[in-house]
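This is what each chain is made of:
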Amino acid sequence: MRDGAGQDPRERREGRLAARAGATERHDELLTRAGASQAEMGAGRDMGPGWISISAPALEDDATLESWLDTALEHNRAAADGRR
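1. Some details on helix H2 (residues 62-80)
At step 1: Counted at 1.5 Å a residue, the expected span for H2 with its 19 residues is 27 Å, and the 26 Å between its end C-alpha atoms agrees.
At step 2: Inspection of H2 places Leu65, Trp68, Leu69, Thr71, Ala72, His75 and Ala78 among the buried residues, and these make up the whole buried set.
At step 3: The secondary structure elements touched by the buried residues of H2 are strand S1 (17-20), helix H1 (27-31), strand S2 (36-38) and strand S3 (51-54).
At step 4: Put simply, Asp61 is the residue that caps the front of H2, since its side-chain oxygen is 2.9 Å from the backbone nitrogen of Ala63.

2. Here we look at the environment of Asp28
At step 1: Its location among the elements puts Asp28 in helix H1.
At step 2: A relative accessible area of 59% means that Asp28 is categorised as exposed.
At step 3: Separated by 22 residues in the primary sequence, Asp28 and Gly50 place their C-alpha atoms 8.8 Å from one another.

3. Some thoughts on the packing of aromatic side chains
At step 1: In total, this model carries zero aromatic pairs according to the counting rule given.
At step 2: We note Arg33 situated over the ring of Trp68; from NZ or CZ to the ring centre the distance is 4.0 Å.

4. Concerning the pairing of S3
At step 1: With four bridges connecting them, S1 and S3 associate as antiparallel partners. Its bridge partner being in S3, Arg20 is matched across the sheet by Trp51.
At step 2: With three bridges connecting them, S2 and S3 associate as antiparallel partners. Bridge assignment links Gln38 to a residue of S3, and that residue is Ile52.

Here is what the cut-offs are and how they apply
- Residues numbered from 1 in each chain as written.
- Predicted model: local features only at pLDDT ≥ 70, side-chain atom pairs only at ≥ 80, totals over all residues.
- Heavy atoms only, no water.
- Helix = DSSP H or I, 4+ residues; strand = E, 2+ residues; numbered from the N terminus.
- Expected span 1.5 Å × (residues − 1).
- Buried < 20%, exposed > 50% of the residue type's maximum accessible area, 1.4 Å probe, protein only.
- Contact = heavy atoms within 4.5 Å.
- Polar contact = N/O pair within 3.5 Å; in protein donor to acceptor, adjacent residues only side chain to side chain.
- Phe/Tyr/Trp six-rings, centres within 6.5 Å; stacked < 30°, edge-to-face > 60°.
- Lys NZ or Arg CZ within 6 Å of the ring centre and 35° of its normal.
- Pairing = 2+ DSSP bridges.

Shown next, in the form of structure tokens:
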């Protein structure tokens, strides 16, 4: 699986993936998934609802990675259509 730049998202810095996955409607649910945590912009600085950080071990299988990418793309499509 490759992102728009042709890079495998699992190869990113520290192996974590940051995903924008909707404002508040799914935030709590997504945080219950394995390897998911509130994304931060530095120690103790939350990025806000909808920003999720996913650990590298949670992204090792393609199906899980694809699920996270689909979740983020769904949000991005809705935002582009003005339906955030």
